[in-house]
Amino acid sequence: MASAKSGKYYRLDGLSVLVADDNRFVRTILVTVLRGLGVGRVLQAENGEEATAILDVSTQIQGASDIDIVFADHLMAPVDGLELLKWVREHDHDKLKFMPYIMMSGEADENAVRMARDGGVTEYLAKPMSVANVASRLVAIVDKPRPFIRAPGYIGPDRRRQTLPYAGDDRRVMTGRRVTLDGAQAPIEDEALPPVGQAVPEVAAEEAGGAVGAEAAPPSPETLG
Amino acid sequence: MTDKSDKGLPGKGTRVVEIIELPNKLRAKVGGAAGKPGQIDPAAIDRASRHVARMAEAHQAQTRIDLTTLQAAFEQAKRDTEHRVQHLRKVYKISDGIMTLGRTFGYNLLSDFANSMNHFLVDLENPTDALLTVVGLHIDAMHVVVRDDIKGDGGELGQALTKSLALARAKLIHKR
């Protein structure tokens, strides 16, 4: 039987997670779940506004422990989960901009799910909450990181998670730029972008009319949640 | 870490999309073999489940409080037509909390009823009396679940409640 020492099981004690939810009891349960799973540091914010303050501090204080993941509820005030997500993705500091962001929401508001996806959410935690689905979102973030896409009107993880067969011409495959962020060195390479489902395509600026990009791809249900 | 990807972007006629490959720092933090999926120790999942189970009594008490608050907001929505939307938004928010944790503590019907009700409260541009009637039926059903401490699918009573609520929703949709 494998143990944590064998490397099969993840050790979560080095992780730092921020939980933002204005429902105190829901927040308490999520914190209990995360601590039970072994997450080493769990910070709490009563709403999106408080979360922005905590996250800002984490970028400004030298030597402060990084927050690795944000769990945020969609419905909270002031500053709801979507507004907080937008703030994170537009932040100047890379530590926040590229931070894994898990949005928690019920399935009732399908539009909210789409807005979260288009706002650059990393994973979606569909309510009702369970230990299993919290654990599965954590594992998904570690095991299936997606490259970030920066396009007109969008910054966030690649929204397409799978390659689907398509018989027609793929007009979305064009030349783009691949950037590798790895410490201070950031080699920049030009290349033809891979087919749909493996990378985000692009159009040249003059063709784009300034308003298209990755978001031009029609939403597919399999990418929701 | 510094984002160097702004170099030369954007400009008319230049590429306008970047794929930014990020180092997987989380994997480095949690361990696991590179390139291979890992998992969370089942013992940790059991531990988390036990910790949550210890809060069952607190959940029951909180649900009763939430339902009372929800009922009050709903009554206000019925009376105060001018601010009906605001009151129903409060109903939606409280119901969302009930739905979030019901199943966590084995109250599947509670989560299901709250979830079904919220489908009718997402779009509140013009809440009709018929909608209020259906919402009220869902709240009544949630009261029954809490009063009788109905867990899981609730057996025959649970099925009867589920069926009658589905019928009420179908009638409302037909009226729309």
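Up top is the structure.
One structure accompanies this document, and this report is about it.

The rules behind each value
The residue numbers shown here count from 1 along each chain, following its written sequence. By the order in which they are written, chains take letters starting at A while ligands take numbers starting at 1. A pLDDT threshold of at least 70 governs which residues receive local features in this predicted model, and a stricter bar of 80 or more applies before side-chain atom pairs are shown or counted, although totals over entire chains, interfaces and linings include all residues. In computing side-chain values, all of the structure's heavy atoms are included and hydrogens and water are not. In this analysis an axis means a line fitted to C-alpha atoms, helices contributing only their contacting stretch, and an angle means the value between N-to-C directions, from 0 to 180 degrees. Note on conventions: DSSP H or I runs of at least 4 residues are helices, E runs of at least 2 residues are strands, and numbering of each starts at the N terminus. Should an angle lie under 35 degrees it is considered roughly parallel, over 145 roughly antiparallel, and from 65 to 115 roughly perpendicular; all remaining angles are considered oblique. Each crossing gets its handedness from the near helix: less than a right angle anticlockwise from the far helix is left-handed, clockwise is right-handed. In what follows, residue pairs with any heavy atoms lying within 4.5 Å of each other are defined as contacts. Residues were grouped as follows: Ala, Val, Leu, Ile, Met, Phe, Trp, Tyr, Cys and Pro as nonpolar; Asp, Glu, Lys and Arg as charged; and all remaining residues, including Gly, as polar. Two rings from Phe, Tyr or Trp (for Trp, the six-membered ring) form a pair when their centres sit within 6.5 Å of each other. Planes less than 30 degrees apart are called stacked, planes more than 60 degrees apart edge-to-face, and all others tilted. Throughout this description, buried means an accessible area under 20% of the type-specific maximum (1.4 Å probe, protein chains only), exposed means over 50%, and partly exposed covers the range between. Both a distance and an angle decide whether a charge sits over a ring: NZ of Lys or CZ of Arg must be within 6 Å of the ring centre and within 35 degrees of the ring normal. Contacts described as polar in this section are N or O atom pairs within 3.5 Å, which, within protein, must combine one atom able to donate a hydrogen with one able to accept it, while residues neighboring in sequence count only if both atoms come from side chains. In this scheme, strands are said to pair when DSSP sees at least two bridges between them. A helix is expected to span 1.5 Å multiplied by its residue count minus one. For our purposes a nonpolar core is just a set of buried Ala, Val, Leu, Ile, Met, Phe, Trp, Tyr and Cys residues, chained together by side-chain atoms within 4.5 Å.

**Concerning the packing of helix H4 (residues 84-102) of chain B against helix H5 (residues 108-119) of chain B**
Residue and element names in this part refer to chain B.
Then comes step 1: Two elements in contact, H4 and H5, have axes whose closest approach is 8 Å; the angle formed by their N-to-C orientations is 150°. Here H5 runs roughly antiparallel to H4, going by the angle between their axes. Regarding H4 and H5, the two cross each other, and that crossing is left-handed. Residues Val91, Tyr92, Ser95, Asp96, Ile98, Met99, Leu101 and Gly102 of H4 form the contact with H5, whose participating residues are Asn108, Leu110, Ser111, Ala114, Asn115, Met117 and Asn118.
Then comes step 2: Along the lines of polarity and charge, the residues of the contact of H4 with H5 split into 8 nonpolar, 6 polar and 1 charged.

**What about the packing of aromatic side chains?**
All names here are of chain A.
Then comes step 1: Going through the model one piece at a time under the given rule, you end up with 1 aromatic pair over all chains.
Then comes step 2: Note on Phe98 and Phe148: the rings are 4.9 Å apart at their centroids and 90° apart in plane angle, and the pair reads as edge-to-face. With Phe98 in the loop between helix H4 (94-97) and strand S5 (101-105) and Phe148 in strand S7 (residues 148-151), the pair connects residues that are 50 residues apart, well separated along the chain.
Then comes step 3: Take Phe98: its relative accessible area is 7%, and that puts it in the buried class.
Then comes step 4: A relative accessible area of 3% means that Phe148 is categorised as buried.
Then comes step 5: Above the plane of the ring of Tyr154 lies Arg159, whose end atom (NZ or CZ) is 3.8 Å from the centre.

**A closer look at unusual backbone geometry**
Then comes step 1: Cis geometry is adopted by the peptide bond preceding Pro78 of chain A, which originates at Ala77 of chain A and carries an omega value of -10°.
Then comes step 2: Inspection of the secondary structure puts Pro78 of chain A in the loop between strand S4 (69-73) and helix H3 (81-89).
Then comes step 3: Although it is not a glycine, Val79 of chain A sits at a positive phi angle of roughly 70°.
Then comes step 4: Turning to its location among the elements, Val79 of chain A is positioned in the loop between S4 and H3.
Then comes step 5: Overall, Val79 of chain A belongs to the partly exposed group, its relative accessible area being 24%.
Then comes step 6: Positive phi, close to 50°, is recorded for Asp149 of chain B, a residue that is not glycine.
Then comes step 7: Residue placement: Asp149 of chain B occurs in the loop between helix H6 (129-147) and helix H7 (155-175).

**Regarding the side chain of Asp143 of chain A**
Then comes step 1: Positionally, Asp143 of chain A belongs in helix H6 (residues 131-143).
Then comes step 2: A polar contact of 2.2 Å, which involves the side chain of Asp143 of chain A, links it to the side chain of Tyr10 of chain A.
Then comes step 3: Among residues more than four places away in sequence, those in contact with Asp143 of chain A are Tyr10 of chain A together with Arg27, Lys36, Pro37 and Gly38 of chain B.

**Things to note about the sheet that holds strand S2 (residues 16-20) of chain A**
In any sheet, the strands associate via hydrogen bonds between backbone groups, in a parallel or an antiparallel arrangement.
Residue and element names in this part refer to chain A.
Then comes step 1: Sheet architecture is open: 5 strands sit in the order S3-S2-S4-S5-S6, paired in parallel fashion. Looking at strand neighbours, the two that pair on one side only are strand S3 (41-45) and strand S6 (123-126), the edges of this open sheet. The average angle at which neighbouring strand axes cross in this sheet is 20°, direction not considered.
Then comes step 2: Along the sheet, helix H1 (residues 24-37) makes contact with S2, S3, S4 and S5, crossing S3 at roughly 170°.

**Regarding the environment of Leu26 of chain B**
Then comes step 1: Within the secondary structure, Leu26 of chain B is located in helix H1 (residues 25-30).
Then comes step 2: Beyond its immediate sequence surroundings of up to four residues, Leu26 of chain B is in contact with Leu15, Asp68, Ile69, Pro100, Ile141 and Val142 of chain A.

**Considering H1 of chain A**
Residues and elements named next belong to chain A.
Then comes step 1: With 14 residues, H1 ought to run about 20 Å at 1.5 Å a step, and its terminal C-alpha atoms sit 20 Å apart, in line with that.
Then comes step 2: Counting buried positions along H1 gives 11 out of 14 residues, so the element sits mostly inside the fold.
Then comes step 3: Within H1 the residues assigned to the buried category are Phe25, Val26, Arg27, Ile29, Leu30, Val31, Thr32, Val33, Leu34, Gly36 and Leu37.
Then comes step 4: Two residues or fewer after H1 comes Gly38, characterised by a positive phi angle close to 105°.

**Things to note about the nonpolar core**
Then comes step 1: Among the nonpolar cores identified, the biggest contains 72 residues, and Leu34, Leu37 and Phe71 of chain A are the most heavily contacted of them.
Then comes step 2: Sorting elements by how many residues they give to this core places H6 of chain B first, with 10 residues.
Then comes step 3: In this structure, Val70, Leu84, Leu96 and Val121 of chain A belong to the second largest nonpolar core, which totals 22 residues.

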